[in-house]
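# Chains, contacts and geometry: an overview
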Amino acid sequence: WTRPDIAFVVCGLARFGDPTKCTWRHCQALSRLVMYLYGTRKMGITYTGGLGVRGDPQVRGYVDADHAGNPETRKSMTGFVIMARGAAISWTSSRQRIVAQSSYESELIATRHVTAEFMAIEKDYFAIEQQPAPTPFKLGCDNQSVVHVANGGGSVSKRKHVATRYFLVLEAVKERRVELVKVDTDDNPSDIMTKSLG
C-alpha cells in the first residue's frame, strides 16, 4: 500500500500465488523483490508542506499503458501515479479487463481510469486540504494521439472502434477538470507501473 515502486512486480507475482502455478522463475523474482525491499527499507514517501497549508499543492498525474504486454492473454497493463505535495498519493498497476485493439485504445483505457481517480480525489479534496481542488488537474500522457483527440483534435475514423464509455476523458478536458498534456516516456514516472525494470 505504501510502495508504488513495487506495484508492477507485486501485481505480476500475485497471479502465481497458487503453488500449482508457481515455478522456480517466480521464486527467483520473489527473492529479488525481497532483496530490493531489504535494501530500500529506510526509504519512504516524503511530502512537502502540511495538510491545510495554503498554496498550490501541485496535484498532477502521469499515465502509461503497454499494449498487449501479456503474452498469454494479450491484455495491456494500466499504470498511473497521482502526485501531490511532491510525492505519490494514488497509484495503480493493473491488467486491463479487455483486449485493446491498438496502443491508442490501451492508452485511452488507462487515461480514463486515472481521470476517474482524479474525479474521486476532487470530491474528497476539500475535506482533506480545507480548500477547493486546484482544477484542472494536470495529467501527463506519453501517447500523442490520446492527447490530441482528448483536446478536441483528430479524426473520427481513428477513434470509432473505441467504446464511448472511454470518452469520460474528453468530457473532463472539455469541462476543464483535467488538462491532458504530452510528456516524454523518460519523464513519465508511471512507466514503472507497466513493465519490469532491469
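Residues numbered from 1 in each chain as written. Predicted model: local features only at pLDDT ≥ 70, side-chain atom pairs only at ≥ 80, totals over all residues. Heavy atoms only, no water.

A separate point is the overall build of the chain. The number of helices and strands found in the chain is six helices and five strands. Ordered by position from the N terminus, the helices and strands of the chain form the series α-α-β-β-β-α-β-α-α-α-β. Taking all 198 residues of the chain together, the buried fraction comes to 40%. Summarising the internal contacts of the chain: among those between residues at least 6 apart in sequence, 71% fall at separations of at least 24. (Helix = DSSP H or I, 4+ residues; strand = E, 2+ residues; numbered from the N terminus. Buried < 20%, exposed > 50% of the residue type's maximum accessible area, 1.4 Å probe, protein only. Contact = heavy atoms within 4.5 Å.)

With that settled, consider the pattern of salt bridges. On inspection of all chains with the given rule, the structure shows seven salt bridges. The shortest N-O distance in the salt bridge between Asp5 and Arg3 comes to 3.0 Å. The shortest N-O distance in the salt bridge between Arg85 and Glu129 comes to 2.7 Å. Of this pair, Arg85 sits in the loop between β2 (77-84) and β3 (87-95) while Glu129 sits in helix α3 (residues 103-129), placing them 44 residues apart in sequence. A relative accessible area of 11% places Arg85 in the buried class. Judged by relative accessible area, Glu129 falls into the buried class, the value being 7%. (Salt bridge = Lys/Arg side-chain N within 4 Å of Asp/Glu carboxyl O.)

The next thing to look at is the pairing of strand β4 (residues 137-141). Most of β4 is tucked away, with four of its five residues classed as buried. Where strand β1 (residues 60-66) meets β4, four bridges bridge the pair, whose relative direction is parallel. Considered in β4, the bridge of Tyr62 is made with Gly140. Both β4 and strand β5 (residues 178-182) contribute to a ladder of five bridges, which runs parallel. Looking at the pairing, Lys138 lines up with Glu179 of β5. (Pairing = 2+ DSSP bridges.)

Here we take up unusual backbone geometry. Cis geometry is adopted by the peptide bond preceding Pro136, which originates at Thr135 and carries an omega value of 0 degrees. One non-glycine residue, Ala68, lies in the positive phi region at around 55 degrees. Considering the arrangement of structural elements, one finds Ala68 in the loop between β1 and β2. Non-glycine residue Arg74 carries a positive phi angle of around 60 degrees. You can see Arg74 is positioned in the loop between β1 and β2.

This part is about the nonpolar core. Val59, Val63, Ile82, Phe118, Leu139 and Leu180 are the most contacted members of the largest nonpolar core, which has 29 residues in total. Among the secondary structure elements, those contributing two or more residues to this core are β1, β2, α3, β4, α4 (144-150), α6 (168-174) and β5. The element that contributes the greatest number of residues to this core is α3, accounting for eight residues. Residues within four places of Val59 in sequence aside, it is in contact with Ile82, Met83, Ala84, Phe118, Tyr125, Pro134, Phe137 and Lys138. Of all hydrophobic cores here, the second largest spans six residues; its members include Ala7, Tyr62, Val81 and Ala88. (Core = buried A, V, L, I, M, F, W, Y, C linked by side-chain atoms within 4.5 Å.)

With that settled, the discussion passes to the sheet that holds β4. Within the open sheet, the five strands sit side by side as β3-β2-β1-β4-β5. Their pairing is mixed. Edge positions in the open sheet fall to β3 and β5, since each of these has one partner strand only. Ignoring which end each strand starts from, the neighbouring axes of this sheet average 20 degrees apart. Sitting on the sheet, α3 touches β1, β2, β3, β4 and β5, and the angle it makes with β1 is about 150 degrees. (Axes fitted to C-alpha atoms, helices over the stretch in contact; angles between N-to-C directions.)

Turning to the side chain of Thr92, a few remarks are in order. Position of Thr92 relative to the elements: it lies in strand β3. Not counting residues within four places of it along the chain, the set of residues in contact with Thr92 comprises Thr78, Gly79, Phe80, His113 and Met193.

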